[in-house]
Amino acid sequence: MQNIKFTALPTKVVEALWAGGADANGQPPERAISDGGGNPCRYCLSFIPEGEEMLILNHRPFETVQPYAESGPLFLCAQECERWSGDGVPPVFAEDGEQRLLKGYSPDDRIVYGLGRIVENPEIGTQAREMLNDPRVEYVHVRSATNNCFTCRIDAA
């Protein structure tokens, strides 16, 4: 079974947002205070602690605009945090009971139909590996199953 790598948002993108740069809608991120429960940072892939400032913004995790390039809201720590780059499963999936939507994408950033799955957090790795074993799939997106917000990307390692 192949190894997988969970990939957080790129540093260049996040640093621009921390500096007040525009989101996918062309707007500066909003600032809010985390309630500590449902605000996962897409950079450190941990929950933003209660009472900490966070950014709310629209993000499109694709290089180009095209019909499959979904965008949506997400959270980031407002203060600089360290990008997730570890092995294994990021903390956000261990701390959260929410189901996730996994979608496989082709090399040209198109959804590979018939592979999408809603899974429990402990199944994310197994299901992502299965998708990545399909020769049509280049990478997998992990999204909230209830809100469809992008969480991270999974690639074969």
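Description of the structure in this document. Quick caveat: nothing in here was measured; it's all calculated off a predicted structure.

A word on the nonpolar core. The tendency in soluble globular proteins is for nonpolar side chains to be buried as a group. Grouped together as the largest cluster of nonpolar side chains are 21 residues, with contacts concentrated most on Phe-6, Phe-93, Leu-102, Ile-124, Val-140 and Ile-154. Elements with a minimum of two residues in this core: strand 1 (4-7), helix 2 (91-94), helix 3 (124-132), strand 7 (139-144) and strand 8 (150-156). Among the elements that make up this core, the one with the highest residue count is helix 3 (four residues). The contact partners of Leu-102, leaving out residues within four places of it in the chain, are Leu-115, Gly-116, Arg-117, Val-119, Ile-124, Gln-127, Ala-128, Met-131, Val-140, His-141 and Val-142. Judged by nonpolar contacts, the second largest core, of 18 residues, contains Leu-17, Trp-18, Cys-44 and Leu-57.

What follows is about the packing of aromatic side chains. The final tally for this structure, using the stated rule, is five aromatic pairs. Judged by centre distance (5.8 Å) and plane angle (45°), the ring pair of Phe-6 and Phe-93 falls under tilted. A residue pair is termed long-range when its members are at least 10 positions apart, and Phe-6 in strand 1 and Phe-93 in helix 2 qualify at 87 residues. Since its relative accessible area comes to 2%, Phe-6 is described here as buried. Ring centres 5.3 Å apart and planes at 10° place the aromatic pair Tyr-105 and Tyr-139 in the stacked group. Highlighted residues: Tyr-105 in strand 5 (residues 100-105) and Tyr-139 in strand 7, separated in sequence by 34 residues.

Considered for burial, the residues of helix 3 that qualify are Ile-124, Gly-125, Gln-127, Ala-128, Met-131 and Leu-132. Down the axis of helix 3, the buried set is contained in an arc of 165°. They therefore lie on one face. Buried positions along helix 3 lie against strand 1, helix 2, strand 5, strand 6 (117-119), strand 7 and strand 8.

Definitions and cut-offs
- Residues numbered from 1 in each chain as written.
- Predicted model: local features only at pLDDT ≥ 70, side-chain atom pairs only at ≥ 80, totals over all residues.
- Heavy atoms only, no water.
- Core = buried A, V, L, I, M, F, W, Y, C linked by side-chain atoms within 4.5 Å.
- Buried < 20%, exposed > 50% of the residue type's maximum accessible area, 1.4 Å probe, protein only.
- Helix = DSSP H or I, 4+ residues; strand = E, 2+ residues; numbered from the N terminus.
- Contact = heavy atoms within 4.5 Å.
- Phe/Tyr/Trp six-rings, centres within 6.5 Å; stacked < 30°, edge-to-face > 60°.
- Arc of directions from axis to C-beta.

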